[in-house]
Amino acid sequence: MYFLIDATSFYCSAEKVFAPHLRKRPTITLSNNDGAIVAVCPIAKRLGIKKFVPFFQVRDLVNKHNVVVTSSNYELYQSLSNKMMDTIARFADDVHIYSIDELFARFDKPLNHESWLSLGLEIRKTVWKEVRLPVGAGGGPTPTLAKAASHAAKRIEGYRGVAVIASDEERVAILKQMAVTDVWGIGSRLGKKLEFMGIHSAYELSKKSPTYMRKQFSILVENTIRELNGEVRIAWDDVRPDKQQIYSPRTFGERLTSSNEFHRALVGHCEAAMAKLRKQNSLAGAMTVFASNSPHDDTAFYRKSAYHQFAVPTLDTRVASNAIKALIDKIFKPGVCFYKCGVGLLDIRPQAYYQGDLFEPSQDNAGLMHVVDAINGRYGKSSMQIASKGFCKKHAMRREYLSKRATTRWSDIPTIVC
């Protein structure tokens, strides 16, 4: 049996963990630079507030109903996510973290329907008791049916946060109440094609011939149909493959027009990307940098990128940041109010299998980079950094509604007055 356990409006729920007075108030969480809404709690949804809408469009509604607004507090979210995953893992024989707020759990023991429901309720109560996060749980004989049960637990009337598909009758009953686009792996574009073929519900999709649908679409659709009928076809890897490209893009807290500040922003992105590269024990053979203003500006849209090939694949932030100096003039344009920039690492290969060049010695200092990563890992990001990144950043991300990082900063630990 597989269970899919996910948190309800995770970002908003995380904001309420250390602020109990907010639990009955409508709450929304904003994206980077407080631009758009990325999370809406159930109370705020009933007011008509939706995700992925620019914040300025709903500001009047937010003020009218006294909605709590929070900036994305990634340090807090990751910390609470880790605690939630560890709590759930105690119950399962095997787990797979699917996203920051979702986890698949596999159980090898055979139980009846009532026992599976009791297990789902116990997981739900334990996570609330120990982490104070509301979660839903859906169980099924395949990962796709577990996803379907999770959908039922949250959105189909009659289920209270837990649903289990342990019989064919339950499977059919739930699939008949799901739109085809509610099925895991069926996006809106594919859903339109299926609806054109007369397939509107998940149950109708499950009745199609897997072989025929593979010919019409892909093996992914075939596997989805087989999973909807109880045949396990999707497995998670024990080790995630290394990334073939690593990007670090971000919009600015305020527009940049200075070449020096622009250079500092790119070095900051370079530093972040190289840290991710070293974490997976890889080398980068090439790098691209890019920048643009906003397409909504009154001036003409400007976007430019530049490419650099390293003579020797590198993992050293100093080598990569030095290459940025030669690329600045290719993309910076005076008079442009830059809104976004980023760095991408390309031609990535495993460090363990790289064979060096006798005539092009590497300039890397792997030992120094290991020390930098160890210090930043222990004392916090940017505790040690490249000097050219600067210390006073006008380009820093705007987070005007940032809550306290109660689990990762000594100064933000909650104070209890008895």
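Everything discussed here concerns the structure shown above.
Described below are features of the structure shown in this document. (Residues numbered from 1 in each chain as written. Predicted model: local features only at pLDDT ≥ 70, side-chain atom pairs only at ≥ 80, totals over all residues. Heavy atoms only, no water.)

### Describing the overall build of the protein chain
No. 1: Helix and strand counts for the protein chain come out as 14 helices and 12 strands.
No. 2: Judged by the C-alpha coordinates and their principal axes, the protein chain covers about 65 × 60 × 45 Å.
No. 3: Put simply, 68% of the contacts in the protein chain that link residues at least 6 apart link residues at least 24 apart.
No. 4: Roughly 22800 Å² of accessible area belongs to the protein chain as shown, and the carbon and sulfur atoms make up 51% of that amount. (Helix = DSSP H or I, 4+ residues; strand = E, 2+ residues; numbered from the N terminus. Contact = heavy atoms within 4.5 Å. Areas by Shrake-Rupley, 256 points an atom, 1.4 Å probe, with all protein chains shown as cover.)

### Here's the deal with the pairing of strand E7 (residues 135-140)
No. 1: Burial analysis of E7 places 6 of its 6 residues in the buried class, which makes it a mostly covered element.
No. 2: On E7, burial covers both faces: Val135, Ala137 and Gly139 on one face and Gly136, Gly138 and Gly140 on the other are all buried.
No. 3: Both strand E1 (residues 2-7) and E7 contribute to a ladder of 6 bridges, which runs antiparallel. Within E7, the position partnered with Ala7 by the bridge is Val135.
No. 4: Taken together, the 3 bridges between E7 and strand E8 (residues 162-164) define a ladder with parallel strand orientation. Along E8, the bridge assignment pairs Gly139 with Val164.
No. 5: Note that the unit made of E7, helix H6 (residues 143-155) and E8 has a crossover that is left-handed. (Buried < 20%, exposed > 50% of the residue type's maximum accessible area, 1.4 Å probe, protein only. Pairing = 2+ DSSP bridges. Right-handed = clockwise from strand over helix to strand, strands pointing away.)

### Examining the packing of H6 against helix H11 (residues 219-228)
No. 1: Look at H6 against H11: their axes get within 7 Å of each other, and the N-to-C directions meet at 70°. With respect to their mutual orientation, H6 and H11 come out roughly perpendicular. The way H6 lies across H11 gives a crossing that is right-handed. Here H6 contributes Pro143, Thr144 and Leu145 to the contact with H11, which in turn contributes Thr224, Glu227 and Leu228.
No. 2: Here the contact of H6 with H11 is composed, by residue class, of 3 nonpolar, 2 polar and 1 charged. (Axes fitted to C-alpha atoms, helices over the stretch in contact; angles between N-to-C directions. Parallel < 35°, antiparallel > 145°, perpendicular 65-115°, else oblique. Left-handed = near helix turned anticlockwise from the far one by under 90°. Nonpolar A, V, L, I, M, F, W, Y, C, P; charged D, E, K, R; others polar.)

### Observations regarding the sheet that holds E8
No. 1: If you walk across this open sheet you meet the 5 strands as E5-E6-E1-E7-E8, and the pairing is mixed. Edge positions in the sheet fall to strand E5 (94-99) and E8, since each has one partner strand and no second. Strand-to-strand twist in this sheet, taken as the mean axis angle between neighbours without regard to direction, amounts to 15°.
No. 2: As defined by bridge partners, E5 adjoins strand E6 (residues 102-106) across 5 bridges and the pair is classed as antiparallel. For His96, the partnering residue across the bridge sits in E6 and is Phe104.
No. 3: Where H6 meets the sheet, its contacts fall on E1, E5, E6, E7 and E8, and the angle it forms with E7 comes to roughly 140°.

### Topic: the sheet that holds strand E2 (residues 27-30)
No. 1: Spatial strand order, E3-E2-E4: 3 strands in an open sheet with mixed pairing. The sheet is open, and its two borders are formed by strand E3 (37-40) and strand E4 (68-71), each paired with just one other strand. Put simply, the sheet's adjacent strands are angled 25° from each other on average, direction ignored.
No. 2: Helix H1 (residues 10-17) rests against E2, E3 and E4 of the sheet, and its axis sits at about 110° to E2.

### So, the nonpolar core
No. 1: Phe262, Leu266, Met287, Phe338 and Leu345 are the most contacted members of the largest nonpolar core, which totals 33 residues.
No. 2: Contributions of two or more residues to this core are made by strand E9 (246-256), helix H12 (259-279), strand E10 (282-292), strand E11 (303-314), helix H13 (317-331) and strand E12 (338-350).
No. 3: Setting aside chain neighbours within four positions, we find Phe338 in contact with Phe252, Arg255, Leu256, Phe262, Ala291, Ser292, Asn293, Tyr302, Ile331, Phe332 and Lys333.
No. 4: Counting residues in each nonpolar core, the second largest holds 28 residues, with Tyr77, Ile88, Leu103 and Val164 among its members. (Core = buried A, V, L, I, M, F, W, Y, C linked by side-chain atoms within 4.5 Å.)

### Comments concerning the environment of Phe55
No. 1: Residue placement: Phe55 occurs in the loop between helix H2 (42-45) and helix H3 (59-64).
No. 2: For Phe55, the contacting residues outside a window of four places in its chain are Ile28, Leu30, Asp34, Gly35, Ala36, Val62, Val69 and Tyr401.

### Brief notes about the pattern of salt bridges
No. 1: By the definition in use, this model includes 16 salt bridges.
No. 2: In this structure, Lys154 and Asp6 form a salt bridge, with 2.8 Å as the shortest nitrogen-oxygen distance. With a gap of 148 residues between them, Lys154 in helix H6 and Asp6 in strand E1 connect regions that are remote in the sequence.
No. 3: On the basis of relative accessibility, which here comes to 45%, the residue Lys154 falls in the partly exposed class.
No. 4: We note a salt bridge from Arg233 to Glu231, for which the minimum N-O separation is 3.3 Å.
No. 5: Where salt bridges share partners, they join Arg214, Glu222, Arg226, Glu231 and Arg233 into one cluster. (Salt bridge = Lys/Arg side-chain N within 4 Å of Asp/Glu carboxyl O.)

### Comments concerning the environment of Gln280
No. 1: Along the chain, the position of Gln280 falls in the loop between H12 and E10.
No. 2: For Gln280, a relative accessible area of 14% puts it in the buried group.
No. 3: Distance from Gln280 to Gln351, taken between C-alpha atoms, is 9.0 Å for residues 71 residues apart in sequence.
No. 4: Once you skip the residues sitting within four places of it in the chain, Gln280 turns out to touch Asp242, Lys243, Ile246 and Ile348.
No. 5: Reaching out from Gln280, the side chain makes a polar contact with the side chain of Ser282 at a distance of 3.0 Å. (Polar contact = N/O pair within 3.5 Å; in protein donor to acceptor, adjacent residues only side chain to side chain.)

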